[in-house]
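Architecture and fold: a report
These are the residues of each chain, in order.
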Number of protein chains: 8
Amino acid sequence: DFAKVDHHRSLRTGFPEAIWGPGKTPEQIVAIFRTMSERVPVALATRIEPEVFQQLQVRLPELHYHPTARICVLQTADPPQYPGAIGILTAGTVDIPVAEEAAVTAELSGFEVQRLWDVGVAGIHRLLSHRTLLDRVDVAIVVAGMEGALPSVVAGMAACPVIAVPTSVGYGTSFGGIAPLLTMLNSCATGIGVMNVDNGFGAAMLAGKILRT
Amino acid sequence: DFAKVDHHRSLRTGFPEAIWGPGKTPEQIVAIFRTMSERVPVALATRIEPEVFQQLQVRLPELHYHPTARICVLQTADPPQYPGAIGILTAGTVDIPVAEEAAVTAELSGFEVQRLWDVGVAGIHRLLSHRTLLDRVDVAIVVAGMEGALPSVVAGMAACPVIAVPTSVGYGTSFGGIAPLLTMLNSCATGIGVMNVDNGFGAAMLAGKILRT
Amino acid sequence: DFAKVDHHRSLRTGFPEAIWGPGKTPEQIVAIFRTMSERVPVALATRIEPEVFQQLQVRLPELHYHPTARICVLQTADPPQYPGAIGILTAGTVDIPVAEEAAVTAELSGFEVQRLWDVGVAGIHRLLSHRTLLDRVDVAIVVAGMEGALPSVVAGMAACPVIAVPTSVGYGTSFGGIAPLLTMLNSCATGIGVMNVDNGFGAAMLAGKILRT
Amino acid sequence: DFAKVDHHRSLRTGFPEAIWGPGKTPEQIVAIFRTMSERVPVALATRIEPEVFQQLQVRLPELHYHPTARICVLQTADPPQYPGAIGILTAGTVDIPVAEEAAVTAELSGFEVQRLWDVGVAGIHRLLSHRTLLDRVDVAIVVAGMEGALPSVVAGMAACPVIAVPTSVGYGTSFGGIAPLLTMLNSCATGIGVMNVDNGFGAAMLAGKILRT
Amino acid sequence: DFAKVDHHRSLRTGFPEAIWGPGKTPEQIVAIFRTMSERVPVALATRIEPEVFQQLQVRLPELHYHPTARICVLQTADPPQYPGAIGILTAGTVDIPVAEEAAVTAELSGFEVQRLWDVGVAGIHRLLSHRTLLDRVDVAIVVAGMEGALPSVVAGMAACPVIAVPTSVGYGTSFGGIAPLLTMLNSCATGIGVMNVDNGFGAAMLAGKILRT
Amino acid sequence: DFAKVDHHRSLRTGFPEAIWGPGKTPEQIVAIFRTMSERVPVALATRIEPEVFQQLQVRLPELHYHPTARICVLQTADPPQYPGAIGILTAGTVDIPVAEEAAVTAELSGFEVQRLWDVGVAGIHRLLSHRTLLDRVDVAIVVAGMEGALPSVVAGMAACPVIAVPTSVGYGTSFGGIAPLLTMLNSCATGIGVMNVDNGFGAAMLAGKILRT
Amino acid sequence: DFAKVDHHRSLRTGFPEAIWGPGKTPEQIVAIFRTMSERVPVALATRIEPEVFQQLQVRLPELHYHPTARICVLQTADPPQYPGAIGILTAGTVDIPVAEEAAVTAELSGFEVQRLWDVGVAGIHRLLSHRTLLDRVDVAIVVAGMEGALPSVVAGMAACPVIAVPTSVGYGTSFGGIAPLLTMLNSCATGIGVMNVDNGFGAAMLAGKILRT
Amino acid sequence: DFAKVDHHRSLRTGFPEAIWGPGKTPEQIVAIFRTMSERVPVALATRIEPEVFQQLQVRLPELHYHPTARICVLQTADPPQYPGAIGILTAGTVDIPVAEEAAVTAELSGFEVQRLWDVGVAGIHRLLSHRTLLDRVDVAIVVAGMEGALPSVVAGMAACPVIAVPTSVGYGTSFGGIAPLLTMLNSCATGIGVMNVDNGFGAAMLAGKILRT
Ligand SMILES: Nc1ncnc2c1ncn2[C@@H]1O[C@H](COP(=O)(O)O)[C@@H](O)[C@H]1O
Ligand SMILES: Nc1ncnc2c1ncn2[C@@H]1O[C@H](COP(=O)(O)O)[C@@H](O)[C@H]1O
Ligand SMILES: Nc1ncnc2c1ncn2[C@@H]1O[C@H](COP(=O)(O)O)[C@@H](O)[C@H]1O
Ligand SMILES: Nc1ncnc2c1ncn2[C@@H]1O[C@H](COP(=O)(O)O)[C@@H](O)[C@H]1O
Ligand SMILES: [Mg+2]
Ligand SMILES: [Mg+2]
Ligand SMILES: [Mg+2]
Ligand SMILES: [Mg+2]
Ligand SMILES: [Mg+2]
Ligand SMILES: [Mg+2]
Ligand SMILES: [Mg+2]
Ligand SMILES: [Mg+2]
């Protein structure tokens, strides 16, 4: 009775069910996966470290693991595919794990994903030389740590909505992601919705709701 | 040469041009309005106090003023109308000015707006008895100060994307809007994009981009 | 002479004596338990990790351990039982350890406890379908991390006082429990007293004082 | 339609309805008072400055004003009286307005109030020489700014629950009430529930719920 | 004896003497100007509001005032001119006063200044179309409020050192300039030295020291 | 009954009684002065603005006012004089009001004061050329805003204890005195006790206690 | 050449030389000890964990270790003894290590120390029953974590100066010692100088300077 | 495709390419080194712990490691040498690793470096006796933790520009380098540009840009 799985949400939204991993015992995670898989074709758990995955796999051999995204998936059928493409950009190499959390979630939700890594504003020509990507996608997820300025530049160039994800990449006054979060909230560009630090999963869920509107 | 109006943006996005009022002299605001109105049918300025409006109106008599939203508009033609409805909800009475900034911006951008005021979570039956509104709109802007919990409940009930706007309404530990901002960023519900404190204008612009995707 | 046990408090209040575990050596904890047990029927220590319990048990074999609550008890007689029921609710599964710290403390203090786990506001129907619990209890302890909005909704529905306990569950801008703490302090609902982050023990002590008033 | 008065709450709890004054126009406040007074014998508005009261009184001559508490009352019948006494203590002279907000609210809710002003911990004999007050009351509201240490001492001496209210009295590192708030949240004494800064009204509402449990 | 003017500094550095205006009485400012003008050709006072200037001018008619920069100058001879050009850029129109504080200080120190206003990153084409300015200057002062991302882009494009000045322009989570300050400190681009919020004067002094190295 | 004057303290310590002015009505201040003056030869009130002094003087014509220190004194006899000299230093001109609050309090407490203004560390020769003052005093009060580094240098040079007082002088990241406070708390020099921001009065009281030990 | 030992200080002040341990290699610590011991009878290093001591002892067998205080001493002669007694009090048992850092430093500096542990304000009778200690000492060091209120009560009762040391003992909103630090800085009692968090060593050094004034 | 190396920057600036180590896998670091070394004579990676270096060296035996600076270098030719000397100073011994990060970067960039360690302001004679170093260098990098006051004193004495680097050395209220950062930003001295906490690499890059201007 430790978890009241919100199947309503899955019905209301059509998205895969998701388990937040940290702080749960392997037994709890497996039990929730079992409850979910009776009702939905795709269930996933986020923030699963490799060691935890190994403990889960012993109990649930059909689990699949995405190591960079740190996502575990229990898939009993193909999920429906939806129209619409999601562009996912990172400012640096070190932001890729958060971006992959978004990418894997979006793909499991049935959307096409286009990835563009390491195009931060300190070398603006890198973004400029890939700008056509912004015309091909319907929503952009922009992932950045350090000073977090990439969403402002992207939102100024793109017609589509931008979902900005600050990451905890940085040191000193980046305060574990607060510096890029503030940059994103204070952007002069319009059309940006901001997520919590490192919340790649949530960014994909919002992108999915936008595309299905 | 104090302002480089970004007509590109207006062309790229189809939205009205906007001037951020605070810190600009009336002469600067009027000059920017004049430059804009040569190119776009609707230009607006936000955060305009009544006294400032009076100074502007002397110089630009065709300006129109929305007092609760504190928005000035210079409209030379009817803006195009777009399909899609935006629901705008507030938690309290005191959040209405920020919500009206969003509502007026959205209407001037060519969208239908549905308003629902004072349905905060401390009296949850108020929201429950109006829940059908959430089925009629394509995106919801949820405006809340104090503890800022309304977007979580709305996002849990609605299938559409939610844009959460914290307001500076509150006292003591609300820290001028930081408490509701944190609530919104940390929401357990999915499908929420967060704006800066009191940024009703930005919420409407994001809603518009979402609806035109 | 490193500890001056406050037997006055136990006499004044009728509650079990409690030792705050972190930062004390096993020797100190055992010595304080011995001093206490000469005077009170129930003594407990909080925040005891399993490894620490093992070191204590070697020295004091009659100690009992509640692993989820991380509480050690030295019970030399049955505590008196008091009238009044305490409802304890959590927003999520991961908040259960803090809630159990409150529940075990309350039960050892002689009160009936009714538990309700994982009814956070992002799926409000979960709370609504269990709302009768709120009519059966005399005080409610509401435990929540992340955005911490559950106490507001509960206090808006219940006639009894609500004790709100923020937890350090969350990431990024939850700041180790500060986000839900602020939510609880800024609640629009009335009848809420707030505790320090993760302070399940203190919540139970306050509930006990309320019930014995 | 700017306010959805929560008459449910009044029914559920038996307390007077309250309007939060700041940010509302006099017209809005008067309209809400009129709606409320059709249903409840006592309605009140808090945080009303003398100038605002004068504007309200013109429109609603039967309004009564408590200047130190800054509370306006519209009373159409005697409220019911309840058993139980509430002790209200302040650390300093400058904390009295917040304490009076609590005291007037409590009296209008039908409870007996016992006041004790200026007994802060820097002159501990002042509290010690009045300690019998703590035996005569059923719940204590302790109001303190600056370092905010009074609730700890009171809760260590009293058997009844303590409601701690930090005030914005102080300077420099008191941060408008954050220093005493932290003191209260971190208290070593048990049996303390903490309110938002300057929230005397809320303290009285919680005390009332406790006494009616 | 309330001020010990540091003539050493002026001798060591060759720069004009400067008085920090806020918190000084007009009498104090005038007395310090008199002491300075006996030794240096150019003395200036910063953060002088128009009303204060009027009080100063009565006592020292030869004072000259730069209203946008809020700088007062007492010039008894032409200052020496130095080689080297300083580019000064702003992200927005509202940042101009801080930029002018830098520009006037730099010109009074004997350097050529090239101004470029309102080229923030939300419309990156504005900066790109003026990028040759960055090749013509020997040091760039970049002034930005809101999200403060302009210095990152400039430092990524320019070979010269960049002095970044955050401004208090913004609202909500800009925290009076802290958001752009953090952006600048956390920049991925190299070659940026950061100033205190709104410190245009200091930026010009540092630029001068760099040019005279 | 709004104030319980702590005559015990005056007896215990021999120091003048002091009233904290802000937030008290003139009537309250005068009433407390009257109660005090029956028992002690010197009573004072701090943080009294000139306008407030005028209101007090009407009621208590024998009050004396120190405008820079913003202190009001009611003196019915000469205070005793004590051995020991207190050096009071400021980093800048703008710190003088806080330093004078300390100086006037110290003189009214019966100690000799030696003043040294505007010797901040950015021109270290100013302090070095006055360093003999540090050998002549028994305790040093060092008052500094902005970066607040003066106490570190003084404590490294002097054998006597140093009382460090941060001031709210500064802008941007000085955060109203928090920057110099942190500097003082983190000093590498030993022998420094730190006061709250702008607390010149408290510094003098501590110096007095040290000298009478 | 990595360290410039400040023998001047030792000469100026007569106190033992001290090495701040964290961040130094064992080789560096030993080298500094060797340099010091040529000039002073007592040299000490603070914040030395047991494992580090073992590495030091291999190289410098005459080192002595105080495990609770985490202090290493190299003593080549008896230090001079000085008149004056220092009282050291803690609020709780867990504050003892910081208090012992102060006590050992004070004793090595040649002063008598009187210890009183676990007399925090939540059980005020514990301090009241030991109050005569405050009459026997010339300066009091008061060490407290959690809410940190003990120095206020002590300073209100004692005639001697009080040195307040906040500790990092606590959880949640104690923020690693910031809560008790703020309590101490905002104290209504006079005669308190505040130290950095956990700075027992510095408290003893200040006490020594006070006693030798 | 995980990294888009910015060879443009190297061409534009003439400086060595640098890899930010933390958060990258050894494979990623080696791959980036390989790409870089085809184009530039000197490539380096920062924040490389000894264990990581060992993993890198297996794959790239020609890598060289600077253990105190924690920098790895891949050098295929001698870098060009430039005129100009950089002075690097630390306040304490524990700041040396950050200073060495700056020193090694500067030397690899082709500049002469002069080191001066452990001359913090608490023993000001140490700096005064080495002050001629400040006349011999063209730019000074000043590295300090704790209270971070050294750059103010240096900038007041030197004619050259000062680059201030706060370090995370300290405890309690140093907040991992925020205290010295604030000291540096609020300096009364002019001619200081501030870097992020511990950013020795960036300081050297800025110094290089200044010297090549
Ligand atoms: N109320 C508002 N809230 C947030 N951003 C705004 C608002 N009004 C205008 N803006 C933004 O500020 C930009 C104009 O800034 P400026 O060039 O200074 O007039 C607009 O293009 C909008 O992106
Ligand atoms: N002084 C006060 N402090 C805190 N909460 C208050 C206060 N006065 C009123 N409230 C709360 O604010 C609610 C009314 O808000 P509103 O609907 O904006 O008038 C009331 O029902 C109370 O719960
Ligand atoms: N300027 C001041 N700064 C800090 N504390 C003060 C100051 N003036 C008075 N106090 C303290 O405040 C106490 C009086 O507070 P109150 O009883 O409110 O008048 C005095 O006894 C002092 O301890
Ligand atoms: N120690 C350092 N401190 C600050 N910035 C650094 C450091 N090392 C590398 N960088 C910067 O980080 C950039 C590389 O980031 P990345 O592309 O993730 O390897 C470099 O070009 C530098 O601008
Ligand atoms: Mg990169
Ligand atoms: Mg309402
Ligand atoms: Mg759950
Ligand atoms: Mg008082
Ligand atoms: Mg602009
Ligand atoms: Mg000065
Ligand atoms: Mg204890
Ligand atoms: Mg040193």
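Residues numbered from 1 in each chain as written. Chains lettered and ligands numbered in written order. Predicted model: local features only at pLDDT ≥ 70, side-chain atom pairs only at ≥ 80, totals over all residues. Heavy atoms only, no water.

**Notes on the pairing of strand 5 (residues 85-90) of chain H**
Within a regular strand, the side chains alternate between the two sheet faces. Residues and elements named next belong to chain H. The line we're drawing: For each residue, the accessible area found with a 1.4 Å probe, counting protein chains only, is set against the maximum for its type, and the residue is called buried under 20%, exposed over 50%, and partly exposed in between. Secondary structure elements follow DSSP: runs of H or I of four or more residues count as helices, runs of E of two or more count as strands, with numbering from the N terminus. Strands are labelled as partners when DSSP assigns at least two bridges between them.
Judged by how many residues are buried, strand 5 sits mostly within the fold: six of six residues are covered. Residues Ala85, Gly87 and Leu89 line one face of strand 5 and the alternating positions Ile86, Ile88 and Thr90 line the opposite face, and both faces are buried. Where strand 5 meets strand 6 (residues 112-116), five bridges bridge the pair, whose relative direction is parallel. Within the sheet, the bridge partner assigned to Ile86 lies in strand 6 and is Val113.

**Considerations on the relation of the copies chain G and chain F**
We count it as follows: Superposing the copies works by least squares over the C-alpha atoms of residues that have pLDDT at least 70 in both of them. Throughout, a residue-residue contact means that at least one pair of heavy atoms, one from each residue, lies within 4.5 Å.
Overlay of chain G on chain F (RMSD 0.0 Å): rotation 180°, translation along the axis 0.0 Å. Overall, the copies show the geometry of a two-fold rotation axis. Most of the interface of chain G is mirrored in chain F, where 97% of its interface residues again form contacts.

**Observations concerning the pattern of salt bridges**
What counts, and what does not: Salt bridges, as used here, are contacts in which a Lys or Arg side-chain nitrogen is within 4 Å of a carboxyl oxygen on Asp or Glu.
Going through the model one piece at a time under the given rule, you end up with 48 salt bridges over all chains. Salt-bridge contacts for Arg70 of chain G lead to Glu49 of chain G; the nearest nitrogen and oxygen are separated by 2.7 Å. Taken as a pair, Arg70 of chain G in the loop between strand 3 (64-66) and strand 4 (71-75) and Glu49 of chain G in the loop between strand 2 (42-46) and helix 3 (50-59) lie far apart in primary sequence, 21 residues in all. We note a salt bridge from Arg126 of chain H to Asp118 of chain H, for which the minimum N-O separation is 3.8 Å.

**A short note on the interface of chain G and chain F**
Which entries qualify depends on this criterion: Accessible surface is computed with a 1.4 Å probe, and the buried area is the amount of it that two parts give up when combined, taken over both parts together. Here a polar contact means two N or O atoms within 3.5 Å. Within protein one must be a hydrogen donor candidate and the other an acceptor candidate, and residues neighboring in sequence count only if both atoms are side-chain atoms.
Tallying the contact residues gives 29 residues for chain G and 28 residues for chain F. Of the roughly 2,400 Å² buried where chain G meets chain F, counting both sides, 57% is carbon and sulfur surface. Here chain G is connected to chain F by zero salt bridges. Where chain G meets chain F, there are nine residue pairs in polar contact (both at pLDDT 80 or more). Elements that contribute at least two residues to the side of chain G that touches chain F include exactly helix 1 (7-13), helix 7 (150-157), helix 8 (178-185), strand 9 (192-194) and helix 9 (200-212) of chain G.

**A word on the relation of the copies chain E and chain F**
Least-squares fitting of chain E to chain F yields an RMSD of 0.0 Å, with the transformation described by 0.0 Å of translation along the axis and a rotation of 90°. The superposition of one copy onto the other is thereby described by a four-fold rotation axis. When each C-alpha of chain E is compared by its distance to the rotation axis, Phe175 of chain E comes out closest, at 7.6 Å.

**Observations concerning the interface of chain E and chain F**
Here is the rule we go by: Note on residue categories: nonpolar means Ala, Val, Leu, Ile, Met, Phe, Trp, Tyr, Cys or Pro, charged means Asp, Glu, Lys or Arg, and polar means any other residue, Gly included.
Listed per partner, the contact involves 18 residues of chain E and 16 residues of chain F. Note on chain E versus chain F: buried area summed over both sides is about 1,400 Å², and carbon and sulfur give 61% of it. Among the residues of chain E in contact with chain F, Lys4, Trp20 and Asn196 of chain E are the three that bury the most area, contributing 41% of the side total. One can count zero salt bridges joining chain E with chain F. The interface formed by chain E and chain F contains seven residue pairs in polar contact (both at pLDDT 80 or more). Residue assignment for the side of chain E that touches chain F shows that the elements contributing at least two residues are helix 1 (7-13) and helix 8 (178-185) of chain E. Split by residue class, the side of chain E that touches chain F holds seven nonpolar, five polar and six charged.

**Structural notes on the pairing of strand 4 (residues 71-75) of chain C**
All names here are of chain C. Burial analysis of strand 4 places four of its five residues in the buried class, which makes it a mostly covered element. Here strand 3 (residues 64-66) runs beside strand 4; their pairing, made up of three bridges, is antiparallel. Pairing of His64 across the sheet is with Val73, part of strand 4.

**Comments concerning unusual backbone geometry**
With a phi angle near 70°, Asp118 of chain C is a residue other than glycine that sits in the positive phi range. Counting through the fold element by element, Asp118 of chain C comes out in the loop between strand 6 (112-116) and helix 5 (125-128). In this structure, Arg70 of chain G takes a positive phi of about 55° despite not being glycine.

**Considerations on the environment of Val104 of chain D**
Within the secondary structure layout, Val104 of chain D lies in helix 4 (residues 96-108). As for Val104 of chain D and Ile32 of chain D, which are separated by 72 residues in sequence, their C-alpha atoms are 20 Å apart.

**Describing the packing of helix 4 (residues 96-108) of chain A against helix 9 (residues 200-212) of chain A**
Residues and elements named next belong to chain A. Definition in use: All axes here are fitted lines through C-alpha atoms, helices being fitted over the stretch that makes contact, and every angle between N-to-C directions spans 0 to 180 degrees. Roughly parallel refers to an angle under 35 degrees, roughly antiparallel to one over 145, roughly perpendicular to one between 65 and 115, and oblique to any angle outside these ranges. Note on convention: the crossing is left-handed when the near helix lies turned anticlockwise from the far helix by less than a right angle, right-handed when the turn is clockwise.
Closest axis-to-axis distance for the helix 4/helix 9 pair is 7 Å, and the angle between their directions is 40°. Here helix 4 lies oblique to helix 9, going by the angle between them. With respect to the hand of their crossing, helix 4 and helix 9 are arranged in right-handed fashion. Across the interface between the two elements, Val98, Glu101, Ala102, Thr105 and Ala106 of helix 4 pack against Gly200, Phe201, Ala204 and Met205 of helix 9. Taken together, the residues of the contact of helix 4 with helix 9 break down into six nonpolar, two polar and one charged.

**Concerning the side chain of Asn186 of chain B**
Tracing the sequence through the fold places Asn186 of chain B in the loop between helix 8 (178-185) and strand 9 (192-194). Its relative accessible area of 1% is what places Asn186 of chain B among the buried residues. Within the local environment of Asn186 of chain B, its side chain forms a polar contact with the side chain of Asn196 of chain A, the two groups lying 3.2 Å apart. A distance of 3.2 Å separates a polar side-chain atom of Asn186 of chain B from the backbone oxygen of Thr173 of chain C.

**Examining helix 4 (residues 96-108) of chain B**
All names here are of chain B. Formally: What a helix is expected to span follows from its residue count: subtract one and scale by 1.5 Å.
The first and last C-alpha atoms of helix 4 sit 18 Å apart over 13 residues, in line with the 18 Å expected at 1.5 Å per residue. Within helix 4, eleven of the 13 residues are buried, which leaves it mostly tucked inside the rest of the structure. Regarding helix 4, the residues found buried are Ile96, Val98, Ala99, Glu100, Glu101, Ala102, Ala103, Val104, Thr105, Ala106 and Leu108. At the exit of helix 4 stands Gly110, carrying a positive phi of roughly 100°.

**Some points on the sheet that holds strand 1 (residues 17-20) of chain C**
Residues and elements named next belong to chain C. Reading across from one edge, 1-2-4-3 is the order of the four strands in this open sheet, with mixed pairing throughout. Each having just a single partner strand, strand 1 and strand 3 make up the two edges of the open sheet. Within the sheet, the average angular offset between the axes of one strand and its neighbour, ignoring direction, is 25°. In this sheet, strand 2 (residues 42-46) lies alongside strand 1 in parallel orientation, the contact comprising four bridges. Considered in strand 2, the bridge of Ile19 is made with Ala45. Relative to the sheet, helix 2 (residues 26-37) contacts strand 1, strand 2 and strand 4, its axis offset from that of strand 1 by approximately 170°.

**Some points on the packing of aromatic side chains**
For clarity, the cut-off: We call Phe, Tyr and Trp rings a pair once their centres come within 6.5 Å, taking the six-membered ring for Trp, and we label the pair stacked below 30 degrees between planes, edge-to-face above 60, and tilted otherwise. The rule is short: NZ of Lys or CZ of Arg within 6 Å of the ring centre and within 35 degrees of the ring normal puts a charge over the ring.
Throughout the structure, instances matching the rule amount to 24 aromatic pairs over all chains. Taking the ring centre of Tyr171 of chain G as reference, the NZ or CZ of Arg47 of chain C above it sits at 4.5 Å.

**Some points on the environment of Glu112 of chain E**
Residues and elements named next belong to chain E. With respect to the helices, strands and loops of the structure, Glu112 is situated in strand 6 (residues 112-116). You can call Glu112 partly exposed: its relative accessible area is 44%. As for Glu112 and Gly92, which are separated by 20 residues in sequence, their C-alpha atoms are 22 Å apart. At 3.0 Å, the side chain of Glu112 forms a polar contact with the side chain of Gln114.

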